[in-house]
Amino acid sequence: MVTSGDGGLTPATPRVGVRTATLLCAAAALVAGAVPASAQTRAAPEPLVVLDCSNEAQVRPEDYLLACGDGNSRLVRLDWDTWGPKTATATGTNMVNDCRPYCAAGRFHPHPVTVTFSNPKPWPAHPEVQRFTTVRLLYTDTVPSPIPKDVTYKLFY
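Residues numbered from 1 in each chain as written. Predicted model: local features only at pLDDT ≥ 70, side-chain atom pairs only at ≥ 80, totals over all residues. Heavy atoms only, no water.

A. The arrangement of the nonpolar core in detail. Tyr64, Leu75, Val115, Phe117 and Leu137 are the most contacted members of the largest nonpolar core, which has 19 residues in total. Of all the secondary-structure elements, those providing two or more residues to this core are β6 (73–83), β7 (88–97), β8 (108–123) and β9 (126–139). If we skip the residues at most four places from it in the chain, Leu137 touches Leu66, Leu75, Asn94, Val113, Thr114, Val115, Lys149, Asp150, Val151 and Tyr153. (Core = buried A, V, L, I, M, F, W, Y, C linked by side-chain atoms within 4.5 Å. Buried < 20%, exposed > 50% of the residue type's maximum accessible area, 1.4 Å probe, protein only. Helix = DSSP H or I, 4+ residues; strand = E, 2+ residues; numbered from the N terminus. Contact = heavy atoms within 4.5 Å.)

Laid out in structure tokens, this is it:
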């Protein structure tokens, strides 16, 4: 506080603090401009992906078609707990067609499941990207016949 001419107190002007802050900001800007761009930011690593039936990369898909040929088995409402670097785990529902009396006339039934994608390998189309190559389904309630309660499939796409 500073005493004014009439004896009252007035706040001191913080000019020194403003000048110091301005100089520090200017110096920081100069230093940032002098550092090579490669040192300022690092390229984010390519994500770990799972390939869908169309050979498109997916990260944490909400739905995932297991039966590409006929569409009779699909994972839906996937809620991801983890994603990478070795595995990805979610809970969701496997909608499976009972194919009775035949698949075109069959009905889809929900089966709660824990899904784990694993075994990452380089994607041949993009070797810098890792893709999961296996999927494990662990049914937590009902199991579609004749599938076992715990089953692992290789992903060929």
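Moving on from the coordinates now.
B. Up close: the environment of Val151. By the element assignment, Val151 lies in strand β10 (residues 150–154). Discounting residues that sit within four places of it in the chain, Val151 has contacts with Val135, Arg136, Leu137 and Tyr139.

C. Structural detail: the side chain of Ser118. Secondary-structure assignment places Ser118 in strand β8. A polar side-chain atom of Ser118 sits 2.6 Å from a polar atom in the side chain of Thr134. Ignoring anything within four residues of it in the chain, the contact list for Ser118 reads Lys86, Thr87, Phe132, Thr133 and Thr134. (Polar contact = N/O pair within 3.5 Å; in protein donor to acceptor, adjacent residues only side chain to side chain.)

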